[in-house]
Amino acid sequence: MISSWPTVLAATIPLLVAAAYLAYRYSTYYYGYWAERGVPHAEPTTLLGHFARPILGRENSAFTVDSHYRRFGGHRYFGMYQLRHPILVLRDPELAHAVLTKDFASFHDRLTSRTSFKHDQLFSNVVNLTGDRWKAVRAKLTPTFTTARLKTMFADLYVCTDRLMNKLSLLTSDDQGVVNVTDIISKFTIDTIGRCAFGLDCNSLFDSNSEFQRAGEAVFRPTVKMLLHNFMRLIDIGWLIDLLRLRSMPDYVYEFYLNIFHDTLKLRDTEVEDRNDFVSILIKLRNKEKENNNKVELFTDEVLASNAFIFFAAGFETTATTMSYCLYELALNKDIQTKLREQIKLMMNENDGKLTYDGIKNIKYLDMIINETLRMHPPVAVTIRVCTKKYKLPDSDLTLDVGTKVFIPLYSYHNDPKYYPNPKVFDPLRFTEENKASIPNGAYLPFGDGPRICIGKRFAIMEAKTGLAEIISRFEVLPSKDIQIPIQINPHAFVLTPSSPIRLLLKKIN
Ligand code: HEM
(Lines give C-alpha, C1' and ligand atoms only; values in the text may rest on other atoms or scores of the structure.)
Protein backbone atom coordinates (compact mmCIF):
# COMPACT_ATOMS: atom_id res chain seq x y z
CA MET A 1 0.00 0.00 0.00
CA ILE A 2 2.70 2.45 1.12
CA SER A 3 4.88 1.52 -1.82
CA SER A 4 2.09 2.64 -4.20
CA TRP A 5 2.24 6.33 -3.00
CA PRO A 6 5.12 7.34 -5.27
CA THR A 7 3.23 5.81 -8.20
CA VAL A 8 0.03 7.75 -7.31
CA LEU A 9 2.03 10.97 -6.89
CA ALA A 10 3.87 10.41 -10.15
CA ALA A 11 0.53 10.07 -11.93
CA THR A 12 -1.22 12.96 -10.08
CA ILE A 13 1.40 15.69 -10.27
CA PRO A 14 1.43 15.97 -14.08
CA LEU A 15 -2.38 16.00 -14.04
CA LEU A 16 -2.42 18.82 -11.49
CA VAL A 17 0.19 20.77 -13.43
CA ALA A 18 -1.81 20.30 -16.66
CA ALA A 19 -5.05 21.41 -14.91
CA ALA A 20 -3.32 24.48 -13.44
CA TYR A 21 -1.89 25.36 -16.85
CA LEU A 22 -5.29 24.99 -18.53
CA ALA A 23 -6.98 27.10 -15.82
CA TYR A 24 -4.30 29.76 -16.29
CA ARG A 25 -4.72 29.74 -20.09
CA TYR A 26 -8.51 29.85 -19.75
CA SER A 27 -8.54 32.77 -17.34
CA THR A 28 -5.99 34.83 -19.27
CA TYR A 29 -7.17 33.89 -22.77
CA TYR A 30 -8.41 37.38 -23.69
CA TYR A 31 -5.78 39.39 -21.82
CA GLY A 32 -4.07 40.53 -25.02
CA TYR A 33 -7.30 42.08 -26.35
CA TRP A 34 -6.69 45.73 -25.40
CA ALA A 35 -2.96 45.65 -26.16
CA GLU A 36 -3.71 44.41 -29.70
CA ARG A 37 -6.07 47.34 -30.23
CA GLY A 38 -3.77 49.97 -28.71
CA VAL A 39 -6.25 50.76 -25.91
CA PRO A 40 -4.63 52.01 -22.66
CA HIS A 41 -5.07 49.63 -19.75
CA ALA A 42 -3.31 48.41 -16.60
CA GLU A 43 -1.78 44.95 -16.19
CA PRO A 44 -4.53 42.51 -15.07
CA THR A 45 -4.23 39.91 -12.30
CA THR A 46 -4.64 36.30 -13.45
CA LEU A 47 -8.28 35.11 -13.25
CA LEU A 48 -9.63 38.21 -11.45
CA GLY A 49 -8.58 40.76 -14.09
CA HIS A 50 -8.90 44.23 -12.55
CA PHE A 51 -11.59 43.28 -10.06
CA ALA A 52 -9.54 41.48 -7.41
CA ARG A 53 -10.27 44.08 -4.69
CA PRO A 54 -14.10 44.00 -5.03
CA ILE A 55 -14.12 40.21 -5.30
CA LEU A 56 -12.06 39.97 -2.12
CA GLY A 57 -14.47 42.41 -0.42
CA ARG A 58 -11.83 45.16 -0.08
CA GLU A 59 -13.69 47.91 -1.98
CA ASN A 60 -16.86 48.51 -3.96
CA SER A 61 -16.31 47.89 -7.69
CA ALA A 62 -17.37 51.52 -8.37
CA PHE A 63 -14.17 52.67 -6.68
CA THR A 64 -12.05 50.17 -8.59
CA VAL A 65 -13.36 51.62 -11.84
CA ASP A 66 -12.86 55.13 -10.40
CA SER A 67 -9.20 54.49 -9.57
CA HIS A 68 -8.58 53.44 -13.19
CA TYR A 69 -10.55 56.49 -14.35
CA ARG A 70 -8.12 58.72 -12.44
CA ARG A 71 -5.10 56.81 -13.64
CA PHE A 72 -6.02 57.26 -17.30
CA GLY A 73 -6.70 61.02 -17.14
CA GLY A 74 -6.21 62.58 -20.58
CA HIS A 75 -7.58 59.50 -22.43
CA ARG A 76 -11.11 59.35 -23.83
CA TYR A 77 -11.48 55.66 -22.97
CA PHE A 78 -9.50 52.83 -21.42
CA GLY A 79 -9.72 49.07 -21.15
CA MET A 80 -10.26 46.82 -18.13
CA TYR A 81 -10.75 43.09 -17.67
CA GLN A 82 -13.82 41.95 -15.76
CA LEU A 83 -12.30 38.65 -14.68
CA ARG A 84 -11.41 37.16 -18.09
CA HIS A 85 -13.45 39.46 -20.34
CA PRO A 86 -12.41 42.80 -21.80
CA ILE A 87 -14.63 45.82 -21.05
CA LEU A 88 -14.25 49.32 -22.40
CA VAL A 89 -14.70 52.22 -19.97
CA LEU A 90 -15.77 55.52 -21.53
CA ARG A 91 -13.81 58.26 -19.82
CA ASP A 92 -15.20 61.02 -22.01
CA PRO A 93 -18.85 61.86 -21.11
CA GLU A 94 -19.47 62.93 -24.75
CA LEU A 95 -18.82 59.32 -25.78
CA ALA A 96 -21.18 58.10 -23.06
CA HIS A 97 -23.83 60.49 -24.34
CA ALA A 98 -23.43 59.16 -27.89
CA VAL A 99 -23.66 55.51 -26.77
CA LEU A 100 -26.73 56.10 -24.59
CA THR A 101 -28.66 58.33 -26.98
CA LYS A 102 -27.89 58.91 -30.65
CA ASP A 103 -26.05 55.62 -31.22
CA PHE A 104 -28.41 53.59 -29.02
CA ALA A 105 -29.20 51.29 -31.98
CA SER A 106 -25.70 49.81 -31.54
CA PHE A 107 -26.04 49.53 -27.73
CA HIS A 108 -29.59 48.53 -26.81
CA ASP A 109 -28.71 45.78 -24.33
CA ARG A 110 -27.24 45.64 -20.85
CA LEU A 111 -26.38 41.93 -20.78
CA THR A 112 -24.25 39.89 -23.17
CA SER A 113 -25.72 36.84 -24.91
CA ARG A 114 -23.51 34.69 -22.65
CA THR A 115 -25.61 35.61 -19.62
CA SER A 116 -28.32 33.06 -18.97
CA PHE A 117 -30.78 32.86 -16.07
CA LYS A 118 -32.87 29.97 -17.34
CA HIS A 119 -34.46 28.90 -14.07
CA ASP A 120 -34.65 32.28 -12.40
CA GLN A 121 -38.38 33.11 -12.44
CA LEU A 122 -37.82 36.77 -11.59
CA PHE A 123 -35.17 37.46 -14.19
CA SER A 124 -37.23 38.29 -17.31
CA ASN A 125 -37.70 41.94 -16.40
CA VAL A 126 -37.13 45.19 -18.25
CA VAL A 127 -33.68 45.70 -16.65
CA ASN A 128 -32.35 42.42 -18.08
CA LEU A 129 -34.38 41.84 -21.24
CA THR A 130 -32.58 42.32 -24.54
CA GLY A 131 -33.38 43.30 -28.14
CA ASP A 132 -36.95 43.33 -29.40
CA ARG A 133 -38.37 41.76 -26.23
CA TRP A 134 -36.98 44.61 -24.15
CA LYS A 135 -38.31 47.15 -26.66
CA ALA A 136 -41.85 45.72 -26.60
CA VAL A 137 -42.01 45.41 -22.81
CA ARG A 138 -40.45 48.83 -22.19
CA ALA A 139 -42.93 50.52 -24.57
CA LYS A 140 -45.82 49.12 -22.53
CA LEU A 141 -44.35 49.96 -19.11
CA THR A 142 -43.06 53.49 -19.81
CA PRO A 143 -46.53 55.07 -19.30
CA THR A 144 -46.62 53.83 -15.67
CA PHE A 145 -45.47 57.22 -14.42
CA THR A 146 -47.13 59.79 -16.70
CA THR A 147 -48.01 63.17 -15.13
CA ALA A 148 -51.69 62.16 -14.89
CA ARG A 149 -50.82 58.91 -13.09
CA LEU A 150 -48.32 60.63 -10.78
CA LYS A 151 -51.01 63.10 -9.76
CA THR A 152 -53.37 60.24 -8.91
CA MET A 153 -50.61 58.53 -6.92
CA PHE A 154 -49.93 61.66 -4.88
CA ALA A 155 -52.82 60.93 -2.49
CA ASP A 156 -51.41 57.47 -1.77
CA LEU A 157 -47.92 58.89 -1.38
CA TYR A 158 -49.35 61.33 1.13
CA VAL A 159 -50.77 58.53 3.26
CA CYS A 160 -47.25 57.06 3.47
CA THR A 161 -45.67 60.45 4.21
CA ASP A 162 -48.17 60.93 7.03
CA ARG A 163 -47.18 57.59 8.52
CA LEU A 164 -43.52 58.53 8.22
CA MET A 165 -44.24 61.69 10.22
CA ASN A 166 -46.08 59.67 12.88
CA LYS A 167 -43.15 57.29 13.12
CA LEU A 168 -40.63 60.12 13.42
CA SER A 169 -42.80 61.79 16.08
CA LEU A 170 -42.73 58.58 18.12
CA LEU A 171 -38.96 58.32 17.73
CA THR A 172 -38.53 61.91 18.91
CA SER A 173 -41.15 61.88 21.68
CA ASP A 174 -38.83 63.90 23.97
CA ASP A 175 -38.77 66.55 21.23
CA GLN A 176 -35.60 65.05 19.86
CA GLY A 177 -33.98 61.70 19.19
CA VAL A 178 -31.25 59.94 17.23
CA VAL A 179 -32.93 58.23 14.28
CA ASN A 180 -31.58 55.41 12.13
CA VAL A 181 -32.42 57.28 8.95
CA THR A 182 -31.28 54.45 6.64
CA ASP A 183 -33.78 52.05 8.22
CA ILE A 184 -36.74 54.42 8.53
CA ILE A 185 -36.44 55.88 5.04
CA SER A 186 -36.04 52.44 3.50
CA LYS A 187 -39.31 51.38 5.20
CA PHE A 188 -40.98 54.55 3.93
CA THR A 189 -39.94 53.85 0.32
CA ILE A 190 -41.08 50.22 0.55
CA ASP A 191 -44.50 51.35 1.81
CA THR A 192 -44.71 54.01 -0.90
CA ILE A 193 -43.89 51.86 -3.92
CA GLY A 194 -46.14 49.10 -2.51
CA ARG A 195 -49.08 51.45 -2.14
CA CYS A 196 -48.63 53.66 -5.22
CA ALA A 197 -47.73 51.03 -7.82
CA PHE A 198 -49.34 47.86 -6.39
CA GLY A 199 -52.17 49.11 -4.18
CA LEU A 200 -50.68 47.15 -1.23
CA ASP A 201 -50.58 48.23 2.39
CA CYS A 202 -47.08 47.02 3.32
CA ASN A 203 -46.92 48.96 6.60
CA SER A 204 -43.27 48.16 7.15
CA LEU A 205 -42.88 51.43 9.09
CA PHE A 206 -44.95 50.03 11.95
CA ASP A 207 -44.63 46.29 11.47
CA SER A 208 -41.24 45.22 12.82
CA ASN A 209 -41.56 41.79 11.12
CA SER A 210 -42.50 43.11 7.71
CA GLU A 211 -42.02 40.46 5.04
CA PHE A 212 -41.84 43.25 2.47
CA GLN A 213 -38.78 44.68 4.12
CA ARG A 214 -37.13 41.28 4.55
CA ALA A 215 -37.71 40.25 0.94
CA GLY A 216 -36.87 43.73 -0.37
CA GLU A 217 -33.57 44.00 1.43
CA ALA A 218 -32.53 40.48 0.46
CA VAL A 219 -32.30 41.59 -3.16
CA PHE A 220 -29.65 44.19 -2.35
CA ARG A 221 -27.66 42.35 0.34
CA PRO A 222 -25.76 39.84 -1.75
CA THR A 223 -25.33 36.43 -0.15
CA VAL A 224 -22.30 34.17 -0.77
CA LYS A 225 -24.52 32.19 -3.17
CA MET A 226 -25.42 35.30 -5.18
CA LEU A 227 -21.77 36.37 -5.37
CA LEU A 228 -20.69 32.87 -6.39
CA HIS A 229 -23.32 32.70 -9.16
CA ASN A 230 -22.21 36.10 -10.39
CA PHE A 231 -18.63 34.92 -10.45
CA MET A 232 -19.57 31.76 -12.35
CA ARG A 233 -21.46 33.77 -14.96
CA LEU A 234 -18.52 36.13 -15.41
CA ILE A 235 -16.11 33.25 -16.06
CA ASP A 236 -18.56 31.70 -18.53
CA ILE A 237 -19.62 28.68 -16.51
CA GLY A 238 -23.13 30.07 -15.91
CA TRP A 239 -24.39 27.05 -17.93
CA LEU A 240 -23.62 24.99 -14.83
CA ILE A 241 -26.15 27.08 -12.86
CA ASP A 242 -28.73 26.40 -15.58
CA LEU A 243 -27.86 22.70 -15.71
CA LEU A 244 -28.34 22.34 -11.96
CA ARG A 245 -31.54 24.45 -12.18
CA LEU A 246 -30.25 26.86 -9.53
CA ARG A 247 -31.68 30.24 -8.60
CA SER A 248 -29.48 33.04 -7.28
CA MET A 249 -31.58 34.72 -4.58
CA PRO A 250 -32.77 32.98 -1.39
CA ASP A 251 -35.89 30.80 -1.97
CA TYR A 252 -38.15 32.88 0.27
CA VAL A 253 -37.60 35.90 -2.02
CA TYR A 254 -39.08 34.01 -4.99
CA GLU A 255 -41.95 32.62 -2.94
CA PHE A 256 -42.72 36.01 -1.51
CA TYR A 257 -42.79 37.97 -4.77
CA LEU A 258 -44.54 35.28 -6.82
CA ASN A 259 -47.24 34.81 -4.16
CA ILE A 260 -47.79 38.51 -3.66
CA PHE A 261 -48.07 39.02 -7.38
CA HIS A 262 -50.57 36.20 -7.89
CA ASP A 263 -52.64 37.22 -4.86
CA THR A 264 -52.75 40.82 -6.04
CA LEU A 265 -53.88 39.80 -9.53
CA LYS A 266 -56.61 37.59 -8.04
CA LEU A 267 -57.83 40.38 -5.78
CA ARG A 268 -57.88 42.83 -8.66
CA ASP A 269 -60.01 40.49 -10.75
CA THR A 270 -62.75 40.90 -8.14
CA GLU A 271 -62.54 44.71 -7.99
CA VAL A 272 -64.86 46.84 -10.11
CA GLU A 273 -62.92 50.10 -9.97
CA ASP A 274 -59.78 50.44 -12.10
CA ARG A 275 -56.97 51.84 -9.95
CA ASN A 276 -55.00 52.82 -13.04
CA ASP A 277 -51.71 51.87 -11.39
CA PHE A 278 -48.81 49.61 -12.38
CA VAL A 279 -50.67 46.38 -11.57
CA SER A 280 -53.62 47.45 -13.68
CA ILE A 281 -51.22 48.05 -16.61
CA LEU A 282 -49.91 44.50 -16.16
CA ILE A 283 -53.43 43.04 -15.99
CA LYS A 284 -54.47 44.83 -19.17
CA LEU A 285 -51.39 43.49 -20.99
CA ARG A 286 -52.16 39.96 -19.88
CA ASN A 287 -55.83 40.20 -20.85
CA LYS A 288 -55.14 41.77 -24.23
CA GLU A 289 -52.72 39.02 -25.09
CA LYS A 290 -55.26 36.36 -24.09
CA GLU A 291 -57.97 38.08 -26.18
CA ASN A 292 -55.71 38.30 -29.23
CA ASN A 293 -54.59 34.71 -28.86
CA ASN A 294 -51.07 35.81 -29.81
CA LYS A 295 -48.87 33.00 -31.14
CA VAL A 296 -45.75 34.47 -29.55
CA GLU A 297 -46.71 35.16 -25.98
CA LEU A 298 -44.76 38.19 -24.82
CA PHE A 299 -46.46 39.01 -21.55
CA THR A 300 -46.31 35.60 -19.99
CA ASP A 301 -46.99 35.23 -16.27
CA GLU A 302 -43.23 35.00 -15.79
CA VAL A 303 -42.56 38.29 -17.60
CA LEU A 304 -45.35 40.01 -15.64
CA ALA A 305 -44.17 38.71 -12.27
CA SER A 306 -40.54 39.58 -13.08
CA ASN A 307 -41.50 43.14 -13.91
CA ALA A 308 -43.61 43.50 -10.79
CA PHE A 309 -40.58 42.31 -8.86
CA ILE A 310 -38.16 44.74 -10.53
CA PHE A 311 -40.46 47.72 -10.01
CA PHE A 312 -40.60 46.86 -6.35
CA ALA A 313 -36.89 46.16 -6.00
CA ALA A 314 -35.57 49.01 -8.17
CA GLY A 315 -38.17 51.31 -6.72
CA PHE A 316 -37.17 51.38 -3.09
CA GLU A 317 -33.44 51.00 -2.36
CA THR A 318 -32.28 53.65 -4.87
CA THR A 319 -34.79 56.24 -3.65
CA ALA A 320 -34.17 55.40 0.02
CA THR A 321 -30.42 55.82 -0.47
CA THR A 322 -30.92 59.18 -2.18
CA MET A 323 -33.19 60.49 0.58
CA SER A 324 -30.83 59.29 3.34
CA TYR A 325 -27.78 60.89 1.72
CA CYS A 326 -29.75 64.08 1.23
CA LEU A 327 -30.64 64.26 4.95
CA TYR A 328 -26.99 63.51 5.78
CA GLU A 329 -25.79 66.43 3.63
CA LEU A 330 -28.46 68.75 5.04
CA ALA A 331 -27.35 67.83 8.57
CA LEU A 332 -23.78 68.80 7.68
CA ASN A 333 -24.80 71.97 5.82
CA LYS A 334 -26.97 73.96 8.21
CA ASP A 335 -27.30 77.11 6.06
CA ILE A 336 -28.58 75.11 3.12
CA GLN A 337 -31.08 73.34 5.39
CA THR A 338 -32.35 76.65 6.83
CA LYS A 339 -32.79 78.18 3.37
CA LEU A 340 -34.64 75.08 2.19
CA ARG A 341 -36.97 75.18 5.22
CA GLU A 342 -37.85 78.81 4.46
CA GLN A 343 -38.79 77.93 0.89
CA ILE A 344 -40.89 74.95 1.97
CA LYS A 345 -42.75 77.11 4.54
CA LEU A 346 -43.33 79.76 1.90
CA MET A 347 -44.91 77.22 -0.40
CA MET A 348 -47.01 75.75 2.43
CA ASN A 349 -48.27 79.19 3.46
CA GLU A 350 -49.51 79.72 -0.08
CA ASN A 351 -51.40 76.38 0.08
CA ASP A 352 -53.25 76.52 3.45
CA GLY A 353 -50.29 74.98 5.29
CA LYS A 354 -50.28 71.88 3.05
CA LEU A 355 -47.86 70.24 0.66
CA THR A 356 -49.53 69.84 -2.72
CA TYR A 357 -48.40 68.07 -5.90
CA ASP A 358 -47.97 71.37 -7.78
CA GLY A 359 -46.54 73.18 -4.76
CA ILE A 360 -43.84 70.58 -4.29
CA LYS A 361 -43.01 70.66 -7.96
CA ASN A 362 -42.35 74.37 -7.64
CA ILE A 363 -39.79 74.25 -4.81
CA LYS A 364 -36.84 74.61 -7.18
CA TYR A 365 -34.27 74.78 -4.39
CA LEU A 366 -35.30 71.28 -3.29
CA ASP A 367 -34.73 70.04 -6.87
CA MET A 368 -31.26 71.60 -6.79
CA ILE A 369 -30.50 69.89 -3.46
CA ILE A 370 -31.65 66.49 -4.74
CA ASN A 371 -29.66 66.96 -7.96
CA GLU A 372 -26.54 67.78 -5.95
CA THR A 373 -27.13 64.76 -3.68
CA LEU A 374 -27.39 62.51 -6.74
CA ARG A 375 -24.23 64.08 -8.15
CA MET A 376 -22.14 63.36 -5.06
CA HIS A 377 -23.79 60.07 -4.15
CA PRO A 378 -25.33 58.44 -7.24
CA PRO A 379 -26.88 55.15 -6.01
CA VAL A 380 -26.08 53.49 -9.35
CA ALA A 381 -22.39 54.26 -9.91
CA VAL A 382 -21.85 52.64 -13.31
CA THR A 383 -24.34 51.86 -16.03
CA ILE A 384 -23.59 49.26 -18.67
CA ARG A 385 -24.29 48.77 -22.35
CA VAL A 386 -23.29 45.93 -24.65
CA CYS A 387 -22.26 46.62 -28.24
CA THR A 388 -24.99 45.00 -30.35
CA LYS A 389 -23.78 46.21 -33.78
CA LYS A 390 -20.15 46.83 -34.83
CA TYR A 391 -19.38 50.41 -33.79
CA LYS A 392 -16.57 52.84 -34.56
CA LEU A 393 -16.04 55.17 -31.62
CA PRO A 394 -16.39 58.78 -32.87
CA ASP A 395 -13.06 60.51 -33.65
CA SER A 396 -10.99 57.43 -32.92
CA ASP A 397 -9.50 54.40 -34.68
CA LEU A 398 -11.23 51.97 -32.35
CA THR A 399 -14.04 49.75 -33.66
CA LEU A 400 -15.95 47.76 -31.06
CA ASP A 401 -16.87 44.13 -31.75
CA VAL A 402 -20.40 42.90 -31.15
CA GLY A 403 -20.63 41.61 -27.57
CA THR A 404 -18.11 44.10 -26.09
CA LYS A 405 -19.26 45.39 -22.71
CA VAL A 406 -19.09 49.16 -22.28
CA PHE A 407 -18.98 50.73 -18.79
CA ILE A 408 -20.24 54.28 -18.26
CA PRO A 409 -18.64 55.39 -14.97
CA LEU A 410 -21.13 58.07 -13.96
CA TYR A 411 -19.88 58.23 -10.34
CA SER A 412 -16.48 59.25 -11.75
CA TYR A 413 -17.91 61.96 -14.03
CA HIS A 414 -19.94 63.33 -11.11
CA ASN A 415 -16.86 63.56 -8.90
CA ASP A 416 -14.39 64.82 -11.51
CA PRO A 417 -13.15 68.39 -10.77
CA LYS A 418 -13.01 68.99 -14.54
CA TYR A 419 -16.83 69.03 -14.62
CA TYR A 420 -17.58 69.93 -10.99
CA PRO A 421 -14.91 72.12 -9.30
CA ASN A 422 -14.35 71.10 -5.63
CA PRO A 423 -16.43 67.95 -6.10
CA LYS A 424 -16.38 67.06 -2.39
CA VAL A 425 -18.22 70.29 -1.52
CA PHE A 426 -22.02 69.98 -1.34
CA ASP A 427 -23.19 72.94 -3.40
CA PRO A 428 -26.77 72.91 -4.78
CA LEU A 429 -26.03 76.12 -6.73
CA ARG A 430 -24.33 73.94 -9.35
CA PHE A 431 -27.88 73.16 -10.44
CA THR A 432 -29.41 76.60 -11.00
CA GLU A 433 -30.99 76.74 -14.49
CA GLU A 434 -28.04 78.79 -15.70
CA ASN A 435 -25.32 76.54 -14.27
CA LYS A 436 -27.09 73.34 -15.35
CA ALA A 437 -26.91 74.52 -18.96
CA SER A 438 -23.10 74.57 -18.80
CA ILE A 439 -22.72 70.92 -17.65
CA PRO A 440 -21.30 69.00 -20.65
CA ASN A 441 -23.45 66.32 -22.30
CA GLY A 442 -23.14 63.02 -20.47
CA ALA A 443 -21.45 64.46 -17.36
CA TYR A 444 -24.61 64.18 -15.20
CA LEU A 445 -26.32 60.79 -15.43
CA PRO A 446 -27.84 59.71 -12.08
CA PHE A 447 -30.77 58.09 -13.94
CA GLY A 448 -28.83 57.12 -17.08
CA ASP A 449 -30.03 58.49 -20.41
CA GLY A 450 -31.61 57.64 -23.77
CA PRO A 451 -34.31 55.05 -24.49
CA ARG A 452 -33.13 52.92 -21.53
CA ILE A 453 -33.17 55.77 -19.00
CA CYS A 454 -34.59 54.90 -15.56
CA ILE A 455 -38.31 54.25 -15.91
CA GLY A 456 -39.05 55.41 -12.35
CA LYS A 457 -37.17 58.75 -12.45
CA ARG A 458 -40.21 61.01 -12.14
CA PHE A 459 -41.81 58.88 -9.44
CA ALA A 460 -38.54 58.75 -7.46
CA ILE A 461 -38.15 62.54 -7.58
CA MET A 462 -41.77 63.14 -6.54
CA GLU A 463 -41.44 60.69 -3.66
CA ALA A 464 -38.09 62.05 -2.46
CA LYS A 465 -39.23 65.67 -2.66
CA THR A 466 -42.46 65.01 -0.76
CA GLY A 467 -40.83 62.96 2.01
CA LEU A 468 -37.93 65.39 2.43
CA ALA A 469 -40.16 68.50 2.39
CA GLU A 470 -42.32 67.04 5.18
CA ILE A 471 -39.30 66.11 7.30
CA ILE A 472 -37.50 69.44 6.90
CA SER A 473 -40.67 71.44 7.61
CA ARG A 474 -41.12 69.66 10.96
CA PHE A 475 -37.63 68.72 12.13
CA GLU A 476 -34.21 70.23 12.40
CA VAL A 477 -31.77 67.59 11.20
CA LEU A 478 -28.36 67.53 12.90
CA PRO A 479 -25.32 65.23 12.85
CA SER A 480 -25.37 62.61 15.62
CA LYS A 481 -22.16 62.00 17.53
CA ASP A 482 -21.32 58.80 15.62
CA ILE A 483 -21.77 60.32 12.15
CA GLN A 484 -19.23 59.09 9.58
CA ILE A 485 -17.40 61.77 7.57
CA PRO A 486 -16.96 60.84 4.79
CA ILE A 487 -19.42 57.96 4.55
CA GLN A 488 -17.82 54.53 4.09
CA ILE A 489 -19.44 52.50 1.30
CA ASN A 490 -20.44 48.84 1.57
CA PRO A 491 -17.89 46.96 -0.60
CA HIS A 492 -20.40 44.30 -1.73
CA ALA A 493 -23.50 46.38 -2.41
CA PHE A 494 -24.88 46.80 -5.96
CA VAL A 495 -26.35 50.18 -4.98
CA LEU A 496 -23.80 52.55 -3.35
CA THR A 497 -25.12 52.17 0.20
CA PRO A 498 -23.20 53.12 3.37
CA SER A 499 -21.40 50.30 5.19
CA SER A 500 -23.21 51.23 8.42
CA PRO A 501 -26.57 52.96 8.81
CA ILE A 502 -26.77 56.77 8.77
CA ARG A 503 -27.95 58.01 12.20
CA LEU A 504 -28.98 61.63 12.59
CA LEU A 505 -30.33 63.73 15.44
CA LEU A 506 -33.84 65.00 14.71
CA LYS A 507 -35.23 67.92 16.76
CA LYS A 508 -38.91 68.85 16.53
CA ILE A 509 -39.57 72.40 15.35
CA ASN A 510 -42.33 74.14 17.31
C1 HEM B 1 -33.38 57.98 -6.97
C2 HEM B 1 -33.88 56.85 -7.42
C3 HEM B 1 -33.38 56.10 -8.62
C4 HEM B 1 -32.16 56.15 -9.25
C5 HEM B 1 -30.95 57.00 -8.89
C6 HEM B 1 -32.23 55.22 -10.37
C7 HEM B 1 -31.19 55.02 -11.28
C8 HEM B 1 -31.29 54.21 -12.39
C9 HEM B 1 -30.25 54.06 -13.38
C10 HEM B 1 -28.89 54.76 -13.37
C11 HEM B 1 -30.70 53.20 -14.31
C12 HEM B 1 -29.94 52.73 -15.57
C13 HEM B 1 -30.29 53.65 -16.72
C14 HEM B 1 -29.43 53.46 -17.94
O15 HEM B 1 -28.81 52.41 -18.08
O16 HEM B 1 -29.40 54.38 -18.81
C17 HEM B 1 -32.02 52.78 -13.92
C18 HEM B 1 -32.80 51.88 -14.63
C19 HEM B 1 -34.06 51.46 -14.22
N20 HEM B 1 -34.76 51.92 -13.12
FE21 HEM B 1 -34.16 53.33 -11.80
N22 HEM B 1 -33.47 54.63 -10.38
C23 HEM B 1 -34.21 55.15 -9.34
C24 HEM B 1 -35.51 54.84 -9.02
C25 HEM B 1 -36.30 53.94 -9.70
C26 HEM B 1 -37.70 53.65 -9.40
C27 HEM B 1 -38.52 54.35 -8.33
C28 HEM B 1 -38.08 52.65 -10.26
C29 HEM B 1 -39.44 51.96 -10.42
C30 HEM B 1 -40.47 52.19 -9.73
C31 HEM B 1 -36.96 52.34 -11.11
C32 HEM B 1 -36.95 51.38 -12.11
C33 HEM B 1 -35.95 51.23 -13.04
C34 HEM B 1 -36.02 50.29 -14.16
C35 HEM B 1 -37.18 49.32 -14.45
C36 HEM B 1 -34.84 50.45 -14.90
C37 HEM B 1 -34.45 49.69 -16.19
C38 HEM B 1 -34.93 50.46 -17.41
C39 HEM B 1 -34.64 49.76 -18.74
O40 HEM B 1 -33.65 49.04 -18.85
O41 HEM B 1 -35.44 49.94 -19.66
N42 HEM B 1 -35.90 53.13 -10.73
N43 HEM B 1 -32.37 53.41 -12.76
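Basis of the calculations
Residues numbered from 1 in each chain as written. Predicted model: local features only at pLDDT ≥ 70, side-chain atom pairs only at ≥ 80, totals over all residues. Heavy atoms only, no water. UniProt positions renumbered as here; feature names shortened; annotations may be inferred. Axes fitted to C-alpha atoms, helices over the stretch in contact; angles between N-to-C directions. Helix = DSSP H or I, 4+ residues; strand = E, 2+ residues; numbered from the N terminus. Parallel < 35°, antiparallel > 145°, perpendicular 65-115°, else oblique. Contact = heavy atoms within 4.5 Å. Nonpolar A, V, L, I, M, F, W, Y, C, P; charged D, E, K, R; others polar. Donors = N, O, S within 2.8 Å, 3.2 Å for Na, K, Ca; no water. Core = buried A, V, L, I, M, F, W, Y, C linked by side-chain atoms within 4.5 Å. Buried < 20%, exposed > 50% of the residue type's maximum accessible area, 1.4 Å probe, protein only. Polar contact = N/O pair within 3.5 Å; in protein donor to acceptor, adjacent residues only side chain to side chain. Near = heavy atom within 4 Å.

- If you check an unreviewed UniProt entry, the protein appears there as Cytochrome P450 6a2-like from Sipha flava.
- Quoted verbatim from the Cofactor (unreviewed entry) heading of the UniProt record, the comment on the protein is "heme".

## Digging into the packing of helix H8 (residues 181-198) against helix H9 (residues 211-220)
Then comes step 1: Between H8 and H9, whose axes approach to 10 Å, the crossing angle comes to 100°. Taken together, H8 and H9 sit at an angle that is classed as roughly perpendicular. Facing H8, whose interface residues are Asp-183, Ser-186, Lys-187 and Ile-190, H9 presents Phe-212, Gln-213 and Glu-217.
Then comes step 2: Here the contact of H8 with H9 is built from residues that sort into two nonpolar, two polar and three charged.

## Thoughts on unusual backbone geometry
Then comes step 1: Geometrically, the link from Ile-485 to Pro-486 is a cis peptide bond, its omega value of -10° lying close to zero.
Then comes step 2: Relative to the helices and strands, Pro-486 is located in the loop between strand S8 (475-479) and strand S9 (503-508).
Then comes step 3: Here Asn-203, not a glycine, exhibits a phi torsion of approximately 50°, which is positive.
Then comes step 4: By secondary structure assignment, the location of Asn-203 is in the loop between H8 and H9.
Then comes step 5: Here the phi dihedral of Asn-422 falls at roughly 50°; this positive angle occurs in a residue that is not glycine.
Then comes step 6: Tracing the backbone through its elements, the reader meets Asn-422 in the loop between helix H18 (410-414) and helix H19 (433-437).

## Concerning the coordination of the iron atom of the ligand
Octahedral six-donor coordination of a metal ideally yields angles of 90 or 180 degrees, compared with 109.5 degrees for tetrahedral four-donor coordination.
Then comes step 1: Here the protein supplies the iron atom of the ligand with just one donor, Cys-454 (SG), and that contact is 2.3 Å long.
Then comes step 2: Summarising the element assignment, Cys-454 is placed in the loop between H19 and helix H20 (457-474).

## Thoughts on the nonpolar core
Then comes step 1: Core analysis: the largest hydrophobic core is formed by 147 residues, its most contacted members being Leu-90, Leu-141 and Phe-198.
Then comes step 2: Considering every element that reaches this core, the biggest residue donor is helix H14 (residues 301-332), with 18 residues.
Then comes step 3: When residues no more than four places from it in sequence are discounted, the contact partners of Phe-198 are Ile-193, Thr-264, Arg-268, Asp-277, Phe-278, Val-279, Ala-308, Phe-311 and Phe-312.

## Focus: H9
Then comes step 1: Extensive coverage of H9 is indicated by the burial of seven of its ten residues.
Then comes step 2: When H9 is considered as a whole, its buried residues turn out to be Phe-212, Gln-213, Ala-215, Gly-216, Ala-218, Val-219 and Phe-220.
Then comes step 3: In this structure, the buried residues of H9 make contact with H8, helix H10 (224-234), helix H12 (251-270) and H14.
Then comes step 4: A distance of 3.2 Å separates the backbone nitrogen of Phe-212 from a side-chain oxygen at the start of H9, and that oxygen is part of Ser-210.

## Quick notes on the site of the ligand
Then comes step 1: With respect to spatial proximity, 26 residues lie near the ligand, and among them Arg-110, Thr-383, Arg-385, Arg-452 and Cys-454 are the closest.
Then comes step 2: Measuring from an oxygen atom of the ligand, one finds a side-chain N or O atom of Arg-110 at 2.8 Å.
Then comes step 3: A distance of 2.8 Å separates an oxygen atom of the ligand from a polar side-chain atom of Arg-385.
Then comes step 4: Those elements that provide at least two residues to the shell around the ligand are helix H6 (131-141), H14 and strand S4 (383-386).
Then comes step 5: Ranked by the residues each element gives to the shell around the ligand, the list is headed by H14, at six residues.
Then comes step 6: Tallied by class, the residues present in the shell around the ligand amount to 14 nonpolar, seven polar and five charged.

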